[in-house]
Amino acid sequence: MALVEFGSYPTYKPGAGKRKLGGMIVRLGLVFLVLLLAIVNFGCSGGVAATPTVNMAPVAPSITTQPGSQTVTAGQTASFSVTATGTAPLSYQWNKNGAAISGATSSSYTSPAATSPDNGALFTVMVSNSAGSITSNAAMLTVSGTGPGTTATINVLNYGATGNGSTDDTAAINNAIAALSPGDTLLFPCGHYLITSQLSISTANVAIDGSNCAVIQGATANGNIMVVGNSSFMGSYGPTVALSATANELDTSFTTVSNLGVAAGDYIYISQGGKDYSTDTAPGHDTGCDVSGCRRELLKVASVSGNTITVTTALHDTYNPLLNAAVVQKLLNPVAGITVKDITLDGSGTENYGLLMLGVVDSTVTGVTSRNVVFTALYGNSNFNLAWNNVTVSGAGNLNGTAMSLWVQGNSSVNGASISNLNPGSGPVAFGFEVSGAANGTFTNITVDASGAYGRPVKVHASRYNTFNSLTSKNGAADYNGIALNYYSSHNTFNGCVVMNNGTAGTGTGNAGINTFGNFNQYNSFQNCTVSGNGNVQFYISGFDALGLAQDSHNTVSGGTFTGSNGSEAVMDIQGDATLITGATINGPGRQGIYLDTQATNACVNNNTFATGSGLAAAISANSSGDQGLGNILNLLGSNLTLGVCGPSVP
């Protein structure tokens, strides 16, 4: 019997029992089959067996889209992103200039608001997984300015320099130099930067900063390490224009024969020649500029009216177009507002020059060391109001280039310079400090130690109206002088100079501690100097110059101590007119304390003290007309000086 559904109620059908039994058997068989399969699948433990799989090796990251360089305005953010593939999970670390950025660990990075120092920064990202890591290409951030006066720090590392001392950083540094704008700083972080050609910087109002620890190592034979300013070694000048009439010393204006093409604020180079007798005999003839007889200076224009030019200071010589071919030229392309600071330049013993400041005005060089060059470590030419502060020179100088040399200077200054370890040699090789064509400058706390070298430790050439404070010159050799004034150097004042142990070759050689040598060195003053141990005489106003004119006149010694080194020569030997010596202490040994030669007319010798028992054979020997003085303490030493009232001669 079986039930058949009809609606919601079962119905009975006769003869259905047999069919029902067969269906039940079928259903029981199906249940048994399911149980059997379950036993096979579960096994004895009843766990589900895992579907078999194949274990694949993890794949290292690969970057498919590199981060791109960005340009933003200062104050804006910059966004960088990267796309990478590889076995998950991938991790990310963004870096700025090689340093990890905290928290920047996703596939994209947005910077804080950009500032000027961020200009040129390099961003990379390292993508990592369990199989390895890869670093992206660098993306550069360029930060544009927000208007006039914007400044930036141009970090040479951001332009590819390494500072590792072995990689050639020349191209990278030049790229950084090319990015400079007025007001920027060219920054050299601590490191050793190797270069193989000259670095040239001519952008005005920039700073070059070596961070007190950066070294630029030049490796070029006969080259230069760094040139700042215009490209002309002797100054870049316009055409010459002659003066229409003589312009006198200390005049504030002059007139040219035609328009010079300058305006207020421009700079001019004025020059004239001197006496020469290379082709005839003394007294020679007037000539234009030559190596020894050229007088010159750089001046700043205050105003122009027609062909008349007024300068901000004064003329420091008398310029005569009829006798000495006096001419004026405009300084072209002066570069203003430069600061070079806290950096070392090393010439590897092969570079000729270290730092050259050419046509640079209203600028400073501070805390710079220049070393190991063949010629000149620090060189300035055609500069106005350029200050050198606390500079150091070593391993420099020869006959063709003084270790520190300043040519054609107006209103320039040095405040602290140490010059030592000059290049050695068996001849006139190493020269120490030199100014030539310098006017109205102040040079303070300069020390030149010429130990082991030859040449003049200090040379002042054709320079006028300068003040030298605390100048030390020592340990020069051969028949050269501690301080030498050459050719038309006048109205210079030396305060508190120390000149010792120069010219140790022996007596009778012509060398001296201080020597005014050459033509027309006049009205120079040596105040409270200490001069001792120099090989021939200690102070020498020389009549032995190129022309033998003995025109070194009206020079003054005031105070100080002068100590002789031998009994054959006088401590002070005077061969020029109208020399004033007053208030000095003079010690032996010496043949005389002061010897006034036949050329030393009108000398005035007052209130000097001659030390007894020091080896002086006599105090004063006067051998020309007009020599006189009073108040000298002779201490029983001999003197034939005429007693009389005298004083300094009027310039």
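What counts and how
- Residues numbered from 1 in each chain as written.
- Predicted model: local features only at pLDDT ≥ 70, side-chain atom pairs only at ≥ 80, totals over all residues.
- Heavy atoms only, no water.
- Helix = DSSP H or I, 4+ residues; strand = E, 2+ residues; numbered from the N terminus.
- Buried < 20%, exposed > 50% of the residue type's maximum accessible area, 1.4 Å probe, protein only.
- Contact = heavy atoms within 4.5 Å.
- Salt bridge = Lys/Arg side-chain N within 4 Å of Asp/Glu carboxyl O.
- Phe/Tyr/Trp six-rings, centres within 6.5 Å; stacked < 30°, edge-to-face > 60°.
- Pairing = 2+ DSSP bridges.
- pLDDT = per-residue confidence, 0-100.
- Patch = residues over 30% accessible without salt bridge, like charges linked within 9 Å, V, L, I, M, F, W, Y side chains within 5 Å.
- Areas by Shrake-Rupley, 256 points an atom, 1.4 Å probe, with all protein chains shown as cover.

### Notes on the environment of Ile483
Right, on to step 1. Structurally, the position occupied by Ile483 is in strand S40 (residues 483-486).
Right, on to step 2. Ile483 gets classed as buried once you look at its relative accessible area, which sits at 0%.
Right, on to step 3. Each C-alpha atom, one on Ile483 and one on Thr516, is 8.3 Å from the other, the two residues being 33 residues apart in sequence.
Right, on to step 4. If we skip the residues at most four places from it in the chain, Ile483 touches Val458, Leu471, Ser473, Phe494, Cys497, Val499, Gly513, Ile514 and Asn515.

### Some words on the pattern of salt bridges
Right, on to step 1. Evaluation of the coordinates by the stated rule reveals seven salt bridges.
Right, on to step 2. A salt bridge links Glu249 to Arg464, with the nearest nitrogen and oxygen atoms 2.7 Å apart. Remark: Arg464 occurs in the loop between strand S38 (458-461) and strand S39 (467-474) and Glu249 occurs in the loop between strand S20 (241-242) and strand S21 (253-255); sequence separation between them is 215 residues.
Right, on to step 3. Put simply, Asp266 and Lys330 hold a salt bridge, and the shortest N to O gap is 4.0 Å.

### Structural notes on the packing of aromatic side chains
Right, on to step 1. Within this structure, the stated rule accounts for 18 aromatic pairs.
Right, on to step 2. For the ring pair Phe80 and Trp94, a centre distance of 6.5 Å and an interplane angle of 40° mean the geometry is tilted. Of this pair, Phe80 sits in strand S5 (residues 79-81) while Trp94 sits in strand S7 (residues 91-96), placing them 14 residues apart in sequence. As far as burial versus exposure is concerned, Phe80 and Trp94 are alike and both buried.
Right, on to step 3. Residues Phe80 and Phe123 carry aromatic rings whose centres are separated by 4.7 Å and whose planes lie at 25° to one another, so their mutual orientation is stacked. Separated by 43 residues along the polypeptide, Phe80 in strand S5 and Phe123 in strand S10 (residues 121-129) bring together distant segments of the chain.
Right, on to step 4. Each member of the aromatic cluster is reached from another via a ring pair, and the members are Phe433, Phe443, Phe468, Phe494, Phe526, Phe539 and Phe562.

### Some thoughts on the pairing of strand S37 (residues 442-449)
Taken residue by residue, a regular strand's side chains alternate between the two faces of the sheet.
Right, on to step 1. By the bridge criterion, six bridges tie strand S35 (residues 413-420) to S37 in an arrangement that is parallel. By the bridge assignment for S37, Ser413 is matched with Thr442.
Right, on to step 2. Strand direction decides the pairing type here: S37 and S39, joined by seven bridges, are parallel. If you follow Ile446 over to S39, its bridge partner there is Leu471.

### Digging into the side chain of Ser394
Right, on to step 1. Tracing the chain through its elements places Ser394 in strand S33 (residues 376-394).
Right, on to step 2. Classification of Ser394 by relative accessible area gives buried; the value is 18%.
Right, on to step 3. Once residues lying within four places of it in the same chain are set aside, the contact partners of Ser394 are Ser370, Arg371, Asn372, Ser420 and Asn421.

### Remarks on the sheet that holds S20
Right, on to step 1. Reading across the sheet, the six strands line up as S20-S27-S22-S25-S26-S21 and stay open at both edges, with antiparallel pairing between neighbours. The sheet terminates laterally at S20 and S21, the two strands that pair on one side only.
Right, on to step 2. With three bridges joining them, S21 and strand S26 (residues 308-311) adopt antiparallel strand pairing. Note that in S26 the partner of Phe254 across the bridge is Ile309.

### A few points about the confidence of the model for the protein
Right, on to step 1. Mean pLDDT over the protein works out to 87, with 86% of the residues at or above the 70 mark.
Right, on to step 2. Segment residues 1-52 is flagged for pLDDT under 50; beyond a separation of four residues in sequence, or across chains, it makes 21 contacts in the model.

### Side note on a nonpolar patch on the surface
Right, on to step 1. Taken together, Leu630, Leu643 and Val645 make up a surface patch of nonpolar side chains, about 330 Å² in accessible area.
Right, on to step 2. Of note, Val645 is situated in the segment after strand S57 (642-643).
Right, on to step 3. Judged by its relative accessible area of 72%, Val645 falls in the exposed class.

### What about the side chain of Asn398?
Right, on to step 1. Mapped onto the elements, Asn398 comes out in the loop between S33 and strand S34 (404-410).
Right, on to step 2. Those residues in contact with Asn398 that sit more than four places away from it in its chain are Val374, Phe375, Val429, Ala430 and Phe431.

### A short note on the pairing of S33
Right, on to step 1. With 15 of 19 residues buried, S33 lies mostly within the body of the structure.
Right, on to step 2. The pairing of strand S31 (residues 360-366) with S33 spans five bridges and is parallel. Bridge pairing in S33 links Val361 to Phe384.
Right, on to step 3. Direction of pairing for strand S32 (residues 369-371) relative to S33: parallel, over a ladder of three bridges. Within S33, the residue paired with Ser370 across the bridge is Val393.
Right, on to step 4. Here S33 runs beside S34; their pairing, made up of six bridges, is parallel. Residue pairing across strands places Gly380 opposite Leu406, the latter belonging to S34.
Right, on to step 5. Across seven bridges, the pairing between S33 and S35 is parallel.

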